[in-house]
Amino acid sequence: MIWTIVISVIVVVLVIILLAASIKVVKQYEQGVVLRFGRLVGTRMPGLRFIIPIVDVMHKVSLRIVTMPIQSQGIITRDNVSVGVSAVAYYRVVDPVKSVIAIENVGAAIEQIAQTTLRKVVGQHALDETLAETDILNVNIREILDVQTVDWGVAVTLVELKDILLPDSMKRAMAKQAEAEREKRAKIIAAEGESLAAAALGDASDTMMAHPLALQLRNLQTLVDIGVDKNTLVVFPAPLMSTIGELGTFLARETAASIEHAGGGTQGDAVVSTHPSGPHTVPEAV
């Protein structure tokens, strides 16, 4: 009687264990690949699935996109500059059967092939191309990985260069180059401004020569602008030669008038006057 009870308990426990081993739950983002005695018998879709214990083995494969960081790689570019390049790759399994049958560890395999592909692609480009044409490098790396991983049932959806580490000496050289480029652009812009200003001043001078009063009006406007600041001393430029000529004429006229006024009652005397054109004799008073 006791042995019967013990055997019954053992049988019940074995049945429970076998039943638990036969029940499998496949999540929505997974597919199950079933092998029976080592041979492929098919896949199992998401949900509650049953397999034959001991006989069947189920490998669950995730179909979600996997983010895989690519560690920084020491790479020598085409122009012999040593840089450290790190990236990130995104891939997903599109054929669960191939990902189980064709390769042992698909994640490790993609990581290794991604590192070697990154080193190969970046090494074929110069440093300036690597820094400026990252989109092209990303596409090239992804296309090469797609060709390599298509037999593994994996599709690489995206590859992005994450960081490019440069030597300190190269950073200083690039900073000097950028500074020189900015100075060149500044000098070019200043020269273009001077050229435009000179052309505008030439047009203005032609206008003032055609209209002499325009210069006087401009001088008056300058005086008005200076007077706003309430300055006590104003230095105002004027046409030098014409001003000297007008001043000489004025002084000669005033001198002649004063001499004529002083000797107005004396006859027979000639008054000598100075003039910018030379001394001349003033007729004697009547």
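In this report, the structure presented in the accompanying data block is examined. These numbers come from a predicted model, not from an experiment.

## Digging into the overall build of the protein
Phase 1 of the analysis: Each helix and strand in the protein was counted, giving 8 helices and 10 strands.
Phase 2 of the analysis: Within the protein, counting contacts between residues at least 6 apart in sequence, those at least 24 apart form 57% of the total.
Phase 3 of the analysis: Here the protein has roughly 19800 Å² of accessible surface; of this, 62% comes from carbon and sulfur atoms.

## With respect to the sheet that holds strand 3 (residues 39-44)
Phase 1 of the analysis: Within the open sheet, the 3 strands sit side by side as 3-2-5. Their pairing is antiparallel. Pairing within the sheet leaves two strands with one partner each, and these edge strands are strand 3 and strand 5 (56-62). Recorded for the sheet is a direction-independent mean angle of 25° between the axes of neighbouring strands.
Phase 2 of the analysis: In this structure, strand 2 (residues 30-36) lies alongside strand 3, joined through 5 bridges in antiparallel fashion. What sits directly across from Leu 35, in strand 3, is Leu 40.

## Side note on the sheet that holds strand 6 (residues 66-76)
Phase 1 of the analysis: Pairing within the open sheet is antiparallel, and its 3 strands lie in the order 6-7-8. Each of the sheet's edge strands pairs with one partner strand only, and the pair in question is strand 6 and strand 8 (154-165). Between one strand axis and the next, the sheet turns by 25° as a mean value, whatever way the strands run.
Phase 2 of the analysis: Here strand 7 (residues 82-93) pairs with strand 8 via 10 bridges, running antiparallel. Residue Gly 84 lies in a different strand from strand 8, and its bridge partner there is Leu 165.

## Details of a nonpolar patch on the surface
Phase 1 of the analysis: Where nonpolar side chains cluster on the molecular surface, the patch consists of Ile 2, Trp 3, Ile 5, Val 6, Ile 7, Val 9, Ile 10, Val 11, Val 13, Leu 14, Val 15 and Ile 17 and spans about 1200 Å² of accessible area.
Phase 2 of the analysis: With respect to the helices and strands, the residue Val 15 is situated in helix 1 (residues 2-22).
Phase 3 of the analysis: Judged by relative accessible area, Val 15 falls into the partly exposed class, the value being 49%.

## Some points on the pattern of salt bridges
Phase 1 of the analysis: All chains considered together, the criterion is met by 5 salt bridges.
Phase 2 of the analysis: Notably, a salt bridge pairs Asp 56 with Arg 36, separated by 2.6 Å at the nearest N-O pair. Of this pair, Asp 56 sits in strand 5 while Arg 36 sits in strand 2; the two residues are 20 residues apart in sequence, bridging distant segments of the chain.
Phase 3 of the analysis: With a relative accessible area of 31%, Arg 36 lands in the partly exposed category.
Phase 4 of the analysis: Measuring nitrogen to oxygen at the nearest pair gives 3.2 Å for the salt bridge that ties Asp 146 to Arg 142. Of the two residues, Asp 146 and Arg 142 both sit in helix 5 (residues 134-149), 4 residues apart, roughly one turn of that helix.
Phase 5 of the analysis: The class for Arg 142 is partly exposed, based on a relative accessible area of 27%.
Phase 6 of the analysis: The network of salt bridges with common partners includes Glu 181, Lys 184 and Arg 185.

## Notes on unusual backbone geometry
Peptide bonds are trans in most cases, and residues, glycine excluded, mostly fall at negative phi.
Phase 1 of the analysis: Phi at Phe 37 takes a positive value of approximately 55°, unusual for a residue other than glycine.
Phase 2 of the analysis: Within the secondary structure, Phe 37 is located in the loop between strand 2 and strand 3.
Phase 3 of the analysis: In this structure Phe 37 comes out as exposed when scored by relative accessible area, which is 68%.
Phase 4 of the analysis: In this structure, Ile 54 takes a positive phi of about 70° despite not being glycine.
Phase 5 of the analysis: Take Ile 54: it is sitting in the loop between strand 4 (47-50) and strand 5.

## A look at the side chain of Gln 31
Phase 1 of the analysis: Turning to its location among the elements, Gln 31 is positioned in strand 2.
Phase 2 of the analysis: With relative accessibility at 16%, the residue Gln 31 sits in the buried group.

## Some thoughts on the packing of aromatic side chains
Phase 1 of the analysis: A complete count under the given rule lists 0 aromatic pairs for this structure.
Phase 2 of the analysis: Taking NZ or CZ as reference, Arg 64 lies 3.7 Å from the ring centre of Tyr 29, over its face.

Rules behind the numbers
Going along each chain's sequence as written, the residues are numbered from 1 onward. Residue-level local features of this predicted model are given only where pLDDT is at least 70; pairs of side-chain atoms are given and counted only at 80 or more, and the full residue set underlies all totals for whole chains, interfaces and linings. The basis for the side-chain values is all heavy atoms of the structure; hydrogens and waters are excluded. Per the convention used, a helix needs a DSSP run of H or I reaching at least four residues, while a strand needs a run of E reaching at least two, with both numbered from the N terminus. Pairs of residues are marked as contacts when any of their non-hydrogen atoms sit within 4.5 Å. Areas reported as accessible are Shrake-Rupley estimates using a 1.4 Å probe. Residue values count occlusion only from the protein chains shown. The rule for pairing is simple: two strands pair if DSSP sees at least two bridges between them. In this description, a line fitted to the C-alpha atoms serves as the axis of each element, helices being fitted only across the stretch in contact, and the angle between N-to-C directions of two axes falls anywhere from 0 to 180 degrees. Two distance rules govern patches: like charges are joined within 9 Å, and nonpolar side chains (Val, Leu, Ile, Met, Phe, Trp, Tyr) within 5 Å, applied only to residues with over 30% relative accessible area and no salt bridge. The salt bridge criterion pairs a side-chain nitrogen of Lys or Arg with a carboxyl oxygen of Asp or Glu, the two atoms within 4 Å. For every residue, the accessible area obtained with a 1.4 Å probe (protein chains only) is divided by the maximum for its type, and the residue is called buried under 20%, exposed over 50%, and partly exposed between those limits. When two rings of Phe, Tyr or Trp (its six-membered ring) have centres within 6.5 Å they constitute a pair, described as stacked for plane angles under 30 degrees, edge-to-face for angles over 60, and tilted for the intermediate range. Any Lys NZ or Arg CZ that is within 6 Å of a ring centre and within 35 degrees of that ring's normal is treated as a charge sitting over the ring.

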